[in-house]
Amino acid sequence: MSSAATRLGHIDIAPVRAFSGTVRLPGSKSISNRTLLLAALAEGVTELRGLLASDDTARMLDALAKLGVAVEQTGVNACRVTGCAGRFPNRSAELFLGNAGTAFRPLTAALALAGGHYRLFGVPRMHERPIGDLVDALRGVGARIRYEENDGYPPLAIEPAQLSETLRLSVRGSVSSQFLTALLLALPITGRSAAIDVVGDLISKPYVSITLALMRRFGVEVAQQGWSRFVLDDGQRYRSPGVLWVEGDASSASYFLAAGAILGGPVRVEGVGAQSIQGDVRFVEVLRQMGAQVDLADDAIVVSRDGPLRAIDADLNHIPDAAMTVAVLALFAEGPSVIRNIASWRVKETDRIHAMATELRKVGAVVEAGDDFIRITPGALHAATIDTYDDHRMAMCFSLVALGGVGVRISDPMCVAKTFPEYFAEFEALAQH
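Only a predicted model underlies this, so the values are computations on that prediction, with no experimental measurement involved. (Residues numbered from 1 in each chain as written. Predicted model: local features only at pLDDT ≥ 70, side-chain atom pairs only at ≥ 80, totals over all residues. Heavy atoms only, no water.)

### Overview of the overall build of the chain
Thought 1: Summing up its helical and strand segments, the chain has twelve helices and 26 strands in all.
Thought 2: Computed over the C-alpha atoms, the radius of gyration of the chain is 21 Å, within 12% of the 22 Å expected from 2.2 N^0.38 for a compact globule of 433 residues.
Thought 3: If you line up the chain on its principal axes, its C-alpha atoms span 60 × 45 × 45 Å.
Thought 4: Burial analysis of the chain (433 residues in total) assigns 60% to the buried set.
Thought 5: As displayed, the chain has an accessible area near 15,400 Å², and 47% of this comes from carbon and sulfur atoms.
Thought 6: For the chain, the distance from the average site of its 42 positive side-chain charges to the average site of its 47 negative ones is 2 Å. (Helix = DSSP H or I, 4+ residues; strand = E, 2+ residues; numbered from the N terminus. Rg over C-alpha atoms; globule rule 2.2 N^0.38 Å. Buried < 20%, exposed > 50% of the residue type's maximum accessible area, 1.4 Å probe, protein only. Areas by Shrake-Rupley, 256 points an atom, 1.4 Å probe, with all protein chains shown as cover. Lys, Arg positive; Asp, Glu negative; His and termini not counted. Charge placed at Lys NZ, Arg CZ, Asp CG, Glu CD.)

### A look at the packing of helix H1 (residues 29-41) against helix H6 (residues 205-217)
Helix-helix packing is characterised by the crossing angle of the two axes and by the distance between the axes.
Thought 1: Running from amino to carboxyl end, H1 crosses H6 at an angle of 35°, the nearest separation of the two axes being 10 Å. Viewed along their axes, H1 and H6 form a crossing whose handedness is right-handed. Contact with H1, carried on its side by Ser 30, Ile 31, Arg 34, Thr 35 and Leu 38, involves Tyr 207, Ile 210, Thr 211, Leu 214 and Met 215 of H6 and no other residues of that element.
Thought 2: Here the residues of the contact of H1 with H6 sort into six nonpolar, three polar and one charged. (Axes fitted to C-alpha atoms, helices over the stretch in contact; angles between N-to-C directions. Left-handed = near helix turned anticlockwise from the far one by under 90°. Contact = heavy atoms within 4.5 Å. Nonpolar A, V, L, I, M, F, W, Y, C, P; charged D, E, K, R; others polar.)

### Let's talk about the side chain of Lys 418
Thought 1: Within the element layout of this structure, Lys 418 appears in the loop between strand E25 (408-411) and helix H12 (423-430).
Thought 2: Of the residues examined, Lys 418 reaches a relative accessible area of 7% and is grouped as buried.
Thought 3: Residues in contact with Lys 418, not counting those within four places in the same chain, are Lys 29, Ser 54, Asp 55, Asp 56, Asn 99, Ala 100, Glu 349 and His 392.

### Let's talk about the pairing of E25
Consecutive side chains along a regular strand alternate between the two faces of the sheet.
Thought 1: Of the pairings in the sheet, the one linking strand E2 (residues 10-13) to E25 comprises four bridges and is antiparallel in character. In the sheet register, His 10 faces E25, and the bridge partner there is Ser 411.
Thought 2: Read from strand E24 (residues 384-386) through helix H11 (residues 392-398) to E25, the crossover connection turns out right-handed. (Pairing = 2+ DSSP bridges. Right-handed = clockwise from strand over helix to strand, strands pointing away.)

### With respect to the nonpolar core
Thought 1: One finds Phe 19, Leu 331, Met 356, Leu 360, Ile 374 and Phe 398 to be the most contacted residues of the largest nonpolar core, which totals 80 residues.
Thought 2: Considering each element in turn, this core owes the most residues, nine residues, to helix H7 (residues 250-263).
Thought 3: Once you skip the residues sitting within four places of it in the chain, Met 356 turns out to touch Met 324, Ala 327, Val 328, Trp 345, Ile 374, Met 394 and Phe 398.
Thought 4: In terms of nonpolar packing, the next biggest core, distinct from the first, is built from 78 residues, Ile 31, Ala 182, Phe 218 and Val 220 among them. (Core = buried A, V, L, I, M, F, W, Y, C linked by side-chain atoms within 4.5 Å.)

### Considering the packing of aromatic side chains
Within a pair of aromatic rings, the relevant descriptors are the distance that separates the centres and the angle that separates the planes.
Thought 1: With the rule as written, the count across this model stands at ten aromatic pairs.
Thought 2: With 5.2 Å between their ring centres and 55° between their planes, Phe 19 and Phe 427 make a pair best called tilted. Taken together, the residues Phe 19 in strand E3 (residues 18-19) and Phe 427 in helix H12 connect sequence positions 408 residues apart.
Thought 3: Taken together, the aromatic side chains of Phe 19, Tyr 255, Phe 256, Phe 420, Tyr 423, Phe 424 and Phe 427 make up a single cluster linked through ring pairs.
Thought 4: Positioned over the ring face of Phe 121 is Arg 119, at 4.5 Å from the centre of the ring. (Phe/Tyr/Trp six-rings, centres within 6.5 Å; stacked < 30°, edge-to-face > 60°. Lys NZ or Arg CZ within 6 Å of the ring centre and 35° of its normal.)

### Describing unusual backbone geometry
Thought 1: For the bond from Pro 154 to Pro 155, the omega torsion is 5°, close enough to zero to count as cis.
Thought 2: With respect to the helices and strands, the residue Pro 155 is situated in the loop between strand E10 (144-147) and strand E11 (156-159).
Thought 3: Look at the link from Gly 265 to Pro 266: it is a cis peptide, with omega at 0°.
Thought 4: Positive phi, normally seen in glycine, also occurs at Tyr 389, with a value near 60°.
Thought 5: Secondary-structure assignment places Tyr 389 in the loop between E24 and H11.
Thought 6: Accessibility expressed as a relative area gives 28% for Tyr 389, which makes it partly exposed.

### A word on the sheet that holds strand E8 (residues 92-96)
Thought 1: Pairing is mixed in the open sheet, where four strands are placed in the order E8-E9-E11-E10. Of all strands in the sheet, those bounded by a partner on one side alone are E8 and E10. Direction aside, the axes of adjacent strands within the sheet are offset by 15° on average.
Thought 2: With four bridges joining them, E10 and E11 adopt antiparallel strand pairing. Each bridged residue has a counterpart across the sheet, and for Arg 144 the counterpart in E11 is Glu 159.
Thought 3: Helix-sheet contacts for helix H3 (residues 101-114) involve E8, strand E9 (117-121), E10 and E11, and the interaxial angle to E9 is about 170°.

### Considerations on the side chain of Ser 176
Thought 1: On the secondary structure map, Ser 176 appears in the loop between strand E12 (167-172) and helix H5 (177-186).
Thought 2: We classify Ser 176 as buried; its relative accessible area is 11%.
Thought 3: Beyond its immediate stretch of four places on either side in the chain, Ser 176 contacts Arg 105 and Ile 203.

Nothing here speaks to function; it is geometry throughout.
Structure (structure tokens):
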């Protein structure tokens, strides 16, 4: 590409003077890995289309293969999964899951309840990401899970469970919604009634909504009592819906939508829209609050802007991934912005509050960071080399700095392969330098 070159582990993005056009999103990571596991646990054959091709889905696909699940690749973004009706053919396996939380947490629960001898491990950062709340919940109903190194953290060794007569579980909701998602996805394979009580406030509720919507597609209904209790009737089991299309990734949409708000666009993002089951589609509400014009269709979003961008003070607990895009968008707003209730950033691919504060300061912002908030006061933007902390969202967020008329160097750009391998090519296709 003429304006950017990859060499020695970085990519240089030249100043961008205009940004407009149409982009078609890759499939959602959250939906892709959930549907792969659901298809594997279901009765029947499921055709998955629009599947994300990325490091995280590769980890899930590799794990399913080692567990004996038949997965046939039918296209670049499509596969055919022959379900195992809740009982994995291979009763022992060692599973390397990289830094893929959307694979590690649900597989932990499914394997703990399915019966067998398994070892789950990942990259060093995955071994720093807490999993104790999930393990405690599973142990509470008879799962046999052992920490191989540090209590509360992977790697894990799993042995066949001795399930209690009553499947009544409790799990804290304040660290990661993936723990609740993992329990919800796994419990139907027991064929028994179960109840999950959430202790404290549940974060990232829209991601649990994705889980519940997909479980319904596979024939399992969960009764909710607000966000504090989830009940499954006995006798339910997963059945293939036949064909399932994966939505475009709403978190990945945020970078292009933000670019339309920064430079006026118009930018059209296809693959996600008003009919989306993903919570991060609510990023458009933030854009509107900041002064952008947003048009929503069933399967597309268009963003443009005429006036200045306004600063924001908002609780973005419900869209933690897209909230990172808001942090960079704040560089272009009039006045200081505050993003609140984002403690979950601390336990993501990196400590995102620390990482965002450090890199935002490099490009000229004044930043105050707390345990669960970040305050960003924009200053004169200047060129910088951005460290990405092996975090795909750091790399994609900070590409937007180039829209402020300065060049930016992104270190380790290939970390975007976790969710959006073609991100920088798609970015350049819409950028005018």
